[in-house]
Structures are given as structure tokens and as C-alpha cells.
Amino acid sequence: MIVVFIICVYGLFTIRWSVRTFDVKSINQMIYHLVVPCDGTDEGVYKDLFKETVPQTLCMTLLFLLLVHYTPLSILYRYQLPFSIVILLATIITALLIYRIPGYLYLMVQKTDLYEEYYRDPHKINMAFTQKRNLIHIYLESVENTYASYEEGGQQQENYIRELCELAKNNINFSHHQKMGGAQSVEGTQWTIASMVSQDAGIPLFINLSKKYDHTSPYLPGSVSIGEILKEQGYFTELLQGSNADFGCTSNFYKQHGGFYIADYGEMKKNGRLPEDYMVFWGFEDQKLFQFAKEDLTELGKKQQPFYLEMVTIDTHTPDGYVCENCQNRYDQQYANVISCQSRQVAEFVQWCQQQPWYEHTTIVITGDHNSMSEKFFKDLDKNFVRTPYNCFINSAVETDCDKNREFALFDFFPTILASIGAKIEGDRLGLGTNLFSGKKTIMEEIGCKKLNREVIKRSRYYKKILGK
């Protein structure tokens, strides 16, 4: 009985921690991280898990032992088996409800023709590149529009992302309303690598559970990404990030889809750009990320070959972010100070880019990878407020008056990013995405957000046989 009690109590505290720290309510996401390698996870995550679960479990167990020894609850010893079954069932039911498992499983057994009807294979779509502009795509970890002030379209009394707001106002921001906004959440796009697959290849991320995944496994071999398309056009492709790119098989996707040079934490130590014993947070902080980017871009800009650089920040990762030497102690919460610091660093980097000789022929795309998973940071949000990841298109090759009051998903950025560097796309659709510059209706605008979410969860023969193989 005591063993079952400890297991159940620890399980409940772990569920509470996961919801408050990572907002993990997607079975798909949980399965993904259980199946694929997660090398390089920040040890602070494990420390936070221990701190928020083990002491509480021990205290609850001690209290339970005292009660069953010194109060009438000692009768439980006579009914150990029924009591154990009850608390075990209560724990399982709690998990089922919190993670919405019944509804998810119900949809998973149904079939969908979403891909047969809407998916556009890039290999079968005519694309013309009249100009081969450079592309810099910055993925901002957990950066969403909720961090902005009410006046700017967010949910804060103070604006934690002032510089990012200015960039959005002075350039192109695709929004679900008239103020700064973004893409609505769709299943299979809500964590970093899922967001990358969505924005780069135009599909949500689901894995084949019948396969074993390691650092050499085929990764959505039937899909086509921006990296592949630009590689065929003669671009140099690079992924720069301050963590281990093997985490979540990220390196698999980028090596197999565009032949990216992977400049991650391990590579930086290997080539001497970082000391062998250097380690902060998930690897190296964003201050170094932007410095390395400047160094790489300076070299790339000297060449005749167009380049495509993807950058992935990490300082704003949950649970509380990483405080670097540039952070200012403006706010009471550490996470708010880290978010504000990232906003300033991004703006300074963009300003630096604008002063470079290659900038005239370069488009910069800045997107949040997903909404923040740090639920404990958000309090008193308007229940009708729609949380959306940040986006901004700078120095785009095309303009648009169709950027506000849109309903779209992250996979709509796939053709939109290509259009921003001047690509002409037949039909303005690639993957499941729609070119937002065109004003053509997205899938979400055609069938609605709720229906789209249901359809992507359903079992797709096309996805399994053609995209995932």
C-alpha cells in the first residue's frame, strides 16, 4: 500500500510540475520525447523536477504514515488492496483528463483525407526564383505575443518585448487581429522541432511508432523543406544553435533536408570556438549565438554564393530562462528579465545586419517557435485571449495588405518565407501551407481552427506512407 501511495503521489506532483513548467498537454509531444533521443537536456530541468516533486512526495508520505498509525485511518491496513486500487485509479483518471487522452485516442483511430485534399508536393509545384536573396531565419525560443503590453496586443501591464514590437510595427507582422498577433496553435506544431518541421516543411510533426529513432534514422523522408529547395538553387545552408542539435533528432531533419552545416554546441567545442569545458544552460547562451552569427555572416557575405542561415535561441527556455551578463534587473520575475534581454539582443543583431554590405539582398524572418510552456509565468490572462507565437518579416522582397485579421497555422510560413525572398509559387500553396502574402485563404480560414486541429490528429495514410514512410 505504501509503495503504491508513493508512486501515485509522485505521479500527481509530476503531472502538476509538467503542466506548470512545460504546459505539456499533447500526447503527441509526450510520445515524441519518449521515443526520440533527448541528448543535451539542460540539467536545470531535472533539478527543478526534483525540487518540485521529491520533497512534496516525502512530506505527503510521512503525513500519511502518521495518520494511519495514530488516527482511525489505521483501518486502511485492513483494506490495503482496495485502497491501493482506488488511489491508483484516481491517479490514472487524473492523468487521462489533464492530458486529454480519451479525446485524442478517439480522433487517432479515425481516418482523414486532409493531405489528399490539401497537401501540395513541392516537387510537383512550379517555383521560380527571379532573385536569389539571402535568408536569415531566427527561431526565438518560447517567444509569444503575450509578452507585449495590452496596447500592443499582448497581456502585460508592461511591455517585455518593446524592441520586437517596434520591429513588427515597422515591418510585416502576420496577425489574427488588427494588432500584433500570429499563428494559432495546431496539434503537431507546439514544441521546437515540431515548429521547425511545420515552418520549414509545411506539415505538423507526427512520428511512426513502429520505428526506432536514433541520430541516423530517416526523418520524414517524403517531405520537402525550404532547406532542400534552396540547396537545389545553390544556397549554402547552416543551422546555428546554442544547444545540442541531436536533441529531439533536430540534426536528422536538417542534415537530411537541405544538407545543413550544423553549428551547434558540440560543433563549437569541436572547432575551438568554445572552450572544451564550456557549459551554461543548454550549451552556450544567446549572447554568444549572436556573436557567432555575426562572424559566420561576415564570412558568408564575402562569397558569391547565396546563404540561408537558421538561428535558434535558447535563453528563454523554461522553467525560468537563463540570465546572461546583458540581462537587466527591470522586473520582479527572472523570466521577464530574460525575455526583455532577448528582445534587445535581437534588435541589436538586426541593426548590425542592416549595416552590412549584403543586407540589401537579404530577408530576415523572425518567428517564435511556439508559445511558452512556462504556465507559472502567466497569471490573470483574459480567457478569450488567443496566445500566438511572434513573427516578423524584415526587408521582404514583396509587400502585402493581407497581413491582419488572418487565421493561419505555423505551416503557412513554409510558402510565405519562400515568397519573402522573391520566389514565385504556382497556386501560392506548398505542403499544407498557404502564402500569406497572396491573400489566398489558408486551410484554417477555409475549414476553421477546430476542424483543422481534429483533422491533423486523425490517422492519415498519405502522411504515413508518403511523408513519413
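Structure's up top.
The rules behind the values
Residues numbered from 1 in each chain as written. Predicted model: local features only at pLDDT ≥ 70, side-chain atom pairs only at ≥ 80, totals over all residues. Heavy atoms only, no water. Helix = DSSP H or I, 4+ residues; strand = E, 2+ residues; numbered from the N terminus. Rg over C-alpha atoms; globule rule 2.2 N^0.38 Å. Buried < 20%, exposed > 50% of the residue type's maximum accessible area, 1.4 Å probe, protein only. Contact = heavy atoms within 4.5 Å. Areas by Shrake-Rupley, 256 points an atom, 1.4 Å probe, with all protein chains shown as cover. Lys, Arg positive; Asp, Glu negative; His and termini not counted. Charge placed at Lys NZ, Arg CZ, Asp CG, Glu CD. Patch = residues over 30% accessible without salt bridge, like charges linked within 9 Å, V, L, I, M, F, W, Y side chains within 5 Å. Salt bridge = Lys/Arg side-chain N within 4 Å of Asp/Glu carboxyl O. Arc of directions from axis to C-beta. Axes fitted to C-alpha atoms, helices over the stretch in contact; angles between N-to-C directions. Parallel < 35°, antiparallel > 145°, perpendicular 65-115°, else oblique. Nonpolar A, V, L, I, M, F, W, Y, C, P; charged D, E, K, R; others polar. Pairing = 2+ DSSP bridges.

Participant: Looking at this model, I keep getting lost on the overall build of the chain. Mind explaining?
Facilitator: On a plain count of helices and strands, the chain comes out with 17 helices and 10 strands. Taking 469 residues into account, the globule formula puts the C-alpha radius of gyration at 23 Å, and the chain, at 23 Å, falls close to it. The dimensions of the chain, computed from C-alpha atoms along their principal axes, are 80 × 50 × 45 Å. In the chain, which comprises 469 residues, the share counted as buried stands at 58%. Considering only contacts in the chain between residues 6 or more positions apart, those separated by 24 or more positions represent 74%. As displayed, the chain has an accessible area near 20,400 Å², and 55% of this comes from carbon and sulfur atoms. Computed over 47 positive and 54 negative side-chain charges, the inter-centroid distance for the chain is 6 Å.

Participant: In this structure, what is going on with unusual backbone geometry? I would like to understand it.
Facilitator: Most peptide bonds are trans, and most residues other than glycine sit at a negative phi. Here the bond from T318 into P319 is cis, since omega is 10°, no more than 30 degrees from zero. Inspection of the secondary structure assignment puts P319 in the loop between β5 (307-312) and α13 (334-354). Residue C249 is not a glycine yet carries a positive backbone phi of 60°. With a phi close to 60°, N395 is a non-glycine residue in the positive phi region.

Participant: Would you explain a nonpolar patch on the surface in this entry?
Facilitator: A surface patch of nonpolar side chains, about 620 Å² in accessible area, is lined by I85, L88, L89, I92, I93, L96 and L97. On the basis of relative accessibility, which here comes to 63%, the residue L97 falls in the exposed class.

Participant: Explain helix α5 (residues 101-108) here, please?
Facilitator: Residues that lie three or four places apart on an α-helix share one face, since the helix turns once every 3.6 residues. Within α5 the residues assigned to the buried category are I101, Y104 and L107. Take α5 and look down its axis: the buried residues cluster within an arc of 130°, on one side only.

Participant: Whenever I open this one, the packing of helix α7 (residues 162-170) against α13 confuses me. Can you help?
Facilitator: Two measures define how a pair of helices packs: the angle their axes make with one another and the distance between the axes. Interaxial distance between α7 and α13 falls to 7 Å at its minimum, and their mutual angle equals 45°. Put simply, α7 runs oblique to α13. Contacts from R162, E163, L164 and L167 in α7 reach S340, S343, R344, V346, A347 and V350 in α13. Among the residues making up the contact of α7 with α13, the classes are represented as 5 nonpolar, 2 polar and 3 charged.

Participant: Any chance you could explain the packing of helix α12 (residues 286-300) against α13 here in plain terms?
Facilitator: For the pair α12 and α13, interaxial distance at closest approach is 11 Å and the crossing angle is 10°. Between α12 and α13, the angle falls in the class roughly parallel. Counting all contacts with α12, which are made through D286, Q287, F290, A293, K294, L297 and T298, the residues of α13 involved are Q342, Q345, V346, E348, F349, W352 and C353.

Participant: Sorry, what's going on with the pattern of salt bridges here?
Facilitator: Pairing between side chains of opposite charge can happen when their charged atoms approach one another. Enumeration according to the criterion identifies 11 salt bridges in this entry. In this structure, R387 and E144 form a salt bridge, with 2.7 Å as the shortest nitrogen-oxygen distance. Of this pair, R387 sits in the loop between β6 (362-368) and β7 (391-394) while E144 sits in the loop between β2 (134-140) and α7, and the two are 243 residues apart along the sequence. Of the two residues examined, R387 and E144, each falls in the buried class. Of the charged contacts in the structure, one is a salt bridge between E299 and K302, with a shortest N-O distance of 3.4 Å.

Participant: Teacher, can you tell me more about a positive patch on the surface here?
Facilitator: A cluster of basic side chains, namely K111, R459, R461, K464 and K465, defines a positive patch on the protein surface. Residue placement: K465 occurs in helix α17 (residues 461-468).

Participant: Would you explain the sheet that holds β5 in this entry?
Facilitator: Strand pairing in a sheet is mediated by backbone hydrogen bonds. Such pairs are either parallel or antiparallel. Ordered by their spatial adjacency, 6 strands build an open sheet running β4-β3-β5-β2-β6-β7, and the pairing between neighbours is mixed. One side of each edge strand has no neighbouring strand; the edge strands of this open sheet are β4 (261-263) and β7. Taken pair by pair, the neighbouring strands of this sheet meet at an average axis angle of 10°, ignoring direction. Inspection of the sheet shows β2 paired to β6 by 7 bridges, in the parallel sense. Counterpart to I138 in the pairing with β6 is I366. Lying over the sheet, α12 contacts β2, β3 (236-241) and β5, oriented at roughly 175° with respect to β5. Sheet strands touched by helix α14 (residues 413-420): β2, β6 and β7. Its angle to β7, the strand with the most contacts, is close to 20°.

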